[in-house]
Amino acid sequence: MAIDPYAACPGGTGKKIKFCCPDLVNELDKVQKLLEAEQRAACLEYIDSLEAKFPDRACLLSVKAMLQAQLGERTKADATLATYMDKYPDNPVALAEVATLKATEEGGAAAVPPLQRALAASETQLAHLVYDAMGVVAMALISEGNVISAL
């Protein structure tokens, strides 16, 4: 399925792809197809090649950090998230990615502050990655016995 240029930017900028990343529509379509085919390593390589041409783009940083975390590249994911947070400190998707990584590596309690910041930064629209982070953090809190906090 082709990417909709009127969909929200996956980088959490709050803009439509057409207005945020019009020069990346074809590339984001290929990224989406690689993700749908579960070709994570190939997708990460493709994003690395795109970053030379389109440095520090929120949509690329978001997917790159997610893929690095999924592929067990914690140090690289941390570095990507640091760049993402440096360039976009109030970006709800960046904050949600930080919360997700903290929940899986450090536990639910460590993930709550960045998740709260992601929710506050979301304003009127909740990005799907923020919603997903809520579930990951809640599950981490439940597994730690913090059921009330998870609610």
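Remember, predicted model here, so these are calculated numbers, not experimental data.

S.K.: I keep staring at the overall build of the chain and nothing clicks. Help me out?
M.R.: Per the secondary structure count, the chain includes nine helices and zero strands. With respect to the principal axes defined by its C-alpha atoms, the chain has extents near 45 × 35 × 30 Å. Here the chain, with 151 residues, has 42% of them falling under the buried criterion. For the chain, the proportion of contacts with a sequence separation of at least 24, taken over those separated by at least 6, is 50%. Entry remark: accessible area of the chain is about 8200 Å², with carbon and sulfur atoms responsible for 55%. Between the mean site of the 14 positive side-chain charges and the mean site of the 20 negative ones, the chain shows a separation of 5 Å.

S.K.: Honestly, helix H7 (residues 108-121) in this entry has me stumped. Any pointers?
M.R.: Count 3.6 residues to each turn of an α-helix, and residues three or four apart come out pointing the same way. An ideal rise of 1.5 Å per residue puts 20 Å on 14 residues; H7 measures up with 20 Å between its terminal C-alpha atoms. The largest bend in H7 amounts to roughly 25° and is located at Pro 114. Along H7, the residues classified as buried are Gly 108, Ala 111, Pro 114, Leu 115 and Ala 118. Those residues of H7 hidden inside the fold are in contact with helix H6 (92-105) and helix H8 (128-143). Once H7 finishes, Glu 123 follows within two positions and takes phi at roughly 55°, a positive value.

S.K.: Honestly, the pattern of salt bridges in this entry has me stumped. Any pointers?
M.R.: When the charged atoms of two side chains with opposite charge come close together, those side chains can pair. Here the structure, examined in full by the defined rule, presents nine salt bridges. Between Asp 23 and Arg 57 there is a salt bridge whose closest N-O contact spans 2.8 Å. Here the residue Asp 23 occupies a position in the loop between helix H1 (17-20) and helix H2 (25-36), and Arg 57 occupies one in the loop between helix H3 (40-53) and helix H4 (58-70), the gap between them amounting to 34 residues. Under the relative-accessibility criterion, Arg 57 is labelled buried at 18%.

S.K.: I'm lost on the packing of aromatic side chains in this one. Help?
M.R.: Each aromatic ring pair is specified by the distance between its two centres and by the angle formed by the two planes. Under the criterion given, the structure shown has one aromatic pair. Between Tyr 84 and Tyr 88, the aromatic rings sit 6.0 Å apart at their centres with planes inclined by 80°, giving edge-to-face as the arrangement. Assessed through its relative accessible area of 26%, Tyr 88 is described here as partly exposed. Positioned above the aromatic ring of Tyr 46 is the side chain of Lys 30, whose terminal nitrogen or guanidinium carbon lies 4.4 Å from the ring centre.

Parameters and conventions
- Residues numbered from 1 in each chain as written.
- Predicted model: local features only at pLDDT ≥ 70, side-chain atom pairs only at ≥ 80, totals over all residues.
- Heavy atoms only, no water.
- Helix = DSSP H or I, 4+ residues; strand = E, 2+ residues; numbered from the N terminus.
- Buried < 20%, exposed > 50% of the residue type's maximum accessible area, 1.4 Å probe, protein only.
- Contact = heavy atoms within 4.5 Å.
- Areas by Shrake-Rupley, 256 points an atom, 1.4 Å probe, with all protein chains shown as cover.
- Lys, Arg positive; Asp, Glu negative; His and termini not counted.
- Charge placed at Lys NZ, Arg CZ, Asp CG, Glu CD.
- Expected span 1.5 Å × (residues − 1).
- Bend = angle between axes of the 7 residues up to and from the residue.
- Salt bridge = Lys/Arg side-chain N within 4 Å of Asp/Glu carboxyl O.
- Phe/Tyr/Trp six-rings, centres within 6.5 Å; stacked < 30°, edge-to-face > 60°.
- Lys NZ or Arg CZ within 6 Å of the ring centre and 35° of its normal.

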